[in-house]
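# Fold and contact review
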Amino acid sequence: KHFTLNRGLHVAFSNKASDFDIPPDEAVSSEDDSSIRDELKRELLLLGSVTSQGRFASAEESQIMADLVSALEELNPSADPASHCAGSWDLCLASTKPSRSLPFFQTLKFAPQLDALFADVTRTARVRQLVQQNTVTTEVDLQMGILPFQFKRTLVSKAVFTVLGPHLWKCTLQNLNVLTPKSDY
């Protein structure tokens, strides 16, 4: 299928991810934009699923994902998305390890050996995010350790944000907590 988006972006879809293409062309209606957005989201969810949230994506798959995200950004019906993104969701795709986006892990960049150790013994199980009013709460479920010494922890960060522009937030970390589930395994 070929679709032309109302901003001069042309997208080709098929069941094969490698057939994704973006040459410029003519405009279509916002109703068509909605169906194209739905198709782009399905493609992203499929790629997220088959690449384990992007962790095992090939270079080609990573580029396709980036192109799909760019196309979705172009089709965003909101003129001011930074002010209209309240909601909650689970991570289905990331261009970096999900746990690395938390402030605790960002500090590990300055200690490469420690960062490598955490990368070897940590697996991200689930990432959830809640955005409401001017706060962002992120929960990252981690499985850490090496058999038989494994345990689970949930890292919860809370930040406040200020909208600086239609596509930009300034976030200030309020707190970071490590929660222990009732039963480790």
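Preceding this section is the structure that the text describes.
In this report, we go over the structure that sits alongside the text. These numbers were taken from a predicted model, which means no experiment stands behind them.

Here is what the cut-offs are and how they apply
As a convention, each chain's residues are numbered from 1 in the sequence order in which they are written. Restriction of local features to residues with pLDDT of at least 70 applies here, the model being predicted, together with a cutoff of 80 or more for giving and counting side-chain atom pairs; totals for whole chains, interfaces and linings are based on all residues. The side-chain numbers reported here are obtained from all heavy atoms of the structure, hydrogens and water having been left aside. Starting at the N terminus, helices and strands are each numbered in turn, a helix being any DSSP run of H or I of at least four residues and a strand any DSSP run of E of at least two. With a 1.4 Å probe rolled over the protein chains alone, any residue whose accessible area is under 20% of its type maximum counts as buried; one over 50% counts as exposed, and the rest are partly exposed. Here the expected span of a helix is defined as 1.5 Å times the quantity of residues minus one. This arc corresponds to the set of directions leading from the helix axis out to the C-beta atoms. Throughout, a contact is declared for two residues whenever any of their heavy atoms are within 4.5 Å.

## With respect to the environment of Ser-52
In this fold, Ser-52 is placed in the loop between helix H1 (30-50) and helix H2 (59-74). A relative accessible area of 28% places Ser-52 in the partly exposed class. Taking the C-alpha atoms as reference, Ser-52 lies 9.5 Å from Ala-94; in sequence the two are 42 residues apart.

## Overview of H2
Relative to the 22 Å expected for 16 residues at 1.5 Å per residue, H2 spans 23 Å between its end C-alpha atoms, a close match to the ideal helical length. Every buried residue belonging to H2 is among Ile-64, Met-65, Leu-68, Ala-71 and Leu-72, and all of these are buried. Buried residues of H2, viewed axially, fall in a sector of 125 degrees; they line one side. Away from its buried face, by an angle of more than 90 degrees, H2 presents the exposed residues Ala-59 and Glu-73. Residues of H2 that are buried sit in contact with H1.

## With respect to unusual backbone geometry
The phi torsion of most residues other than glycine is negative, and most of the peptide bonds are trans. Of note in the backbone geometry, Gln-53 takes a positive phi value of approximately 60 degrees without being a glycine. Tracing the backbone shows Gln-53 in the loop between H1 and H2. For Gln-53, a relative accessible area of 13% gives the class buried. Here Gln-133, not a glycine, exhibits a phi torsion of approximately 45 degrees, which is positive. Summarising the element assignment, Gln-133 is placed in the loop between strand E4 (122-132) and strand E5 (135-146). With a relative accessible area of 78%, Gln-133 lands in the exposed category.

Just distances and angles here, no functional claims.
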